[in-house]
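As a plain string of letters, each chain reads:
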Amino acid sequence: MEKKSCMILALDVSDREEALKIAEDVSEFVDAVKVGYPLVLATGLGIIRELSEFAPIIADFKVADIPNTNRLICEQVFEAGADAVIVQGFTGRDSLDACIEVASEYGKDVFVVSEMSHPGGAEFLQPVGETIARMAAQAGAFGLVAPATRPERVKAIREIIGDKLTIISPGVGAQGGKASDVIAAGADWVIVGRSIYRADSPREAAREIAAEIEAGPNGEN
Ligand code: O7E
């Protein structure tokens with residue numbers, strides 16, 4: 001995944017035509033498109049290959065099962081054309097290893113959720129977020145998911161993992177995070193959904209966030 005705009009679109013719409021149109025319109029301003037349950041359950045797994053015409057696709061299924069089931073899920077995801085899969089880290093090292101093994105067979109990437117962006121993310125996951133981050137680094141994951149709503153947590157996780165893993169960070173805009181702050185805290189990419197796909201002009205909204213990232217937290221870059 002090439003880093004240009006430092007932004008990933010979370011395409012959580014449920015209509016195929018709308019999804020394809022938004023992906024095409026914003027492709028100039030995003031480095032990847034994240035596809036998850038809302039879109040895939042509504043339109044089918046085939047949407048992954050259709051969207052891959054516009055950008056690399058990250059399949060957000062937050063895979064969280066025993067190793068064998070994780071393996072079966074990841075095989076389907078990569079057969080469908082995804083470039084990366086998002087998995088939960090709390091299920092433990094063996095479950096994560098199964099995902100990483102399949103990804104490496106396909107030459108694809110795994111992102112591990114270490115901590116979530118919503119208020120409830122602080123209840124159970126945050127206390128073990130740093131442990132999960134260390135495990136993901138040891139297991140050879142490609143990247144981590146860390147919360148844009150708490151840039152201080154992104155910074156703490158970046159300090160733990162150094163430059164070993166990439167960090168993708170959801171929670172910008174609709175959940176309150178500011179894109180340039182999160183990049184300054186150590187994220188490689190921000191993930192943005194509603195602020196783009198619900199905008200009157202998704203293309204203009206994506207262009208503005210990309211410009212804000214480029215300008216930096218105080219507009220000084
Ligand atoms: O709030 P939005 O509309 O900008 O969308 C954010 C997207 O990121 C949405 O798809 C949501 O499911 C996802 N997300 C979070 O918001 N918080 C998290 O902690 C984790 C994710 C996520 O995508 O996990 C894998 C990256």
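Residues numbered from 1 in each chain as written. Predicted model: local features only at pLDDT ≥ 70, side-chain atom pairs only at ≥ 80, totals over all residues. Heavy atoms only, no water.

(A) Focus on the overall build of the protein chain. From N to C terminus, the protein chain includes 10 helices and eight strands. Taking 17 Å as the expected radius of gyration for a compact globule of 221 residues, we find that the protein chain reaches 16 Å, a close match to that expectation. Dimensions of the protein chain along its principal axes, counting C-alpha atoms only, are 45 × 40 × 30 Å. The buried share of the protein chain, taken over its 221 residues, is 52%. Taking all contacts inside the protein chain whose residues are at least 6 apart in sequence as the whole, residues at least 24 apart take part in 66%. (Helix = DSSP H or I, 4+ residues; strand = E, 2+ residues; numbered from the N terminus. Rg over C-alpha atoms; globule rule 2.2 N^0.38 Å. Buried < 20%, exposed > 50% of the residue type's maximum accessible area, 1.4 Å probe, protein only. Contact = heavy atoms within 4.5 Å.)

(B) Inspection of the packing of helix α6 (residues 126-139) against helix α7 (residues 151-161) at higher detail. Taken N-terminus to C-terminus, the directions of α6 and α7 make an angle of 35°; their axes are 10 Å apart at the nearest point. As α6 packs across α7, the resulting crossing turns out to be right-handed. Within the contact between the two elements, α6 uses Gln126, Glu130, Ala133, Arg134 and Ala137 and α7 uses Arg153, Ala156, Ile157, Ile160 and Ile161. Of the residues that constitute the contact of α6 with α7, the class distribution is six nonpolar, one polar and three charged. (Axes fitted to C-alpha atoms, helices over the stretch in contact; angles between N-to-C directions. Left-handed = near helix turned anticlockwise from the far one by under 90°. Nonpolar A, V, L, I, M, F, W, Y, C, P; charged D, E, K, R; others polar.)

(C) Up close: the environment of Leu39. Relative to the helices and strands, Leu39 is located in helix α2 (residues 37-43). Spatially, the C-alpha atom of Leu39 lies 29 Å from that of Asp181, the residues being 142 residues apart in sequence. When sequence neighbours within four positions are dropped, the list of residues in contact with Leu39 reads Leu11, Val13, Ser14, Asp15, Ala19, Gly44, Ile47 and Leu51.

(D) Quick peek at the environment of Val87. Looking at where Val87 falls in the secondary structure, it is placed in strand β4 (residues 84-88). Once you skip the residues sitting within four places of it in the chain, Val87 turns out to touch Lys62, Val63, Leu96, Cys99, Val110, Phe111, Val112 and Val113.

(E) Expanded view of the pattern of salt bridges. In total, this model carries 18 salt bridges according to the counting rule given. The partner of Asp60 in a salt bridge is Lys62, and the shortest N-O contact between them spans 2.8 Å. Residue Lys62 is classed as partly exposed on the basis of its relative accessible area of 31%. The closest approach of N and O atoms between Glu115 and Arg153, which form a salt bridge, is 2.9 Å. Taken together, the residues span a long stretch of sequence, with Glu115 in the loop between β5 (109-113) and α6 and Arg153 in helix α7 at a distance of 38 residues. With respect to class, Glu115 is no different from Arg153; both count as buried. Beyond isolated ion pairs, a larger network of salt bridges with shared partners links Arg71, Glu75, Glu101 and Glu105. (Salt bridge = Lys/Arg side-chain N within 4 Å of Asp/Glu carboxyl O.)

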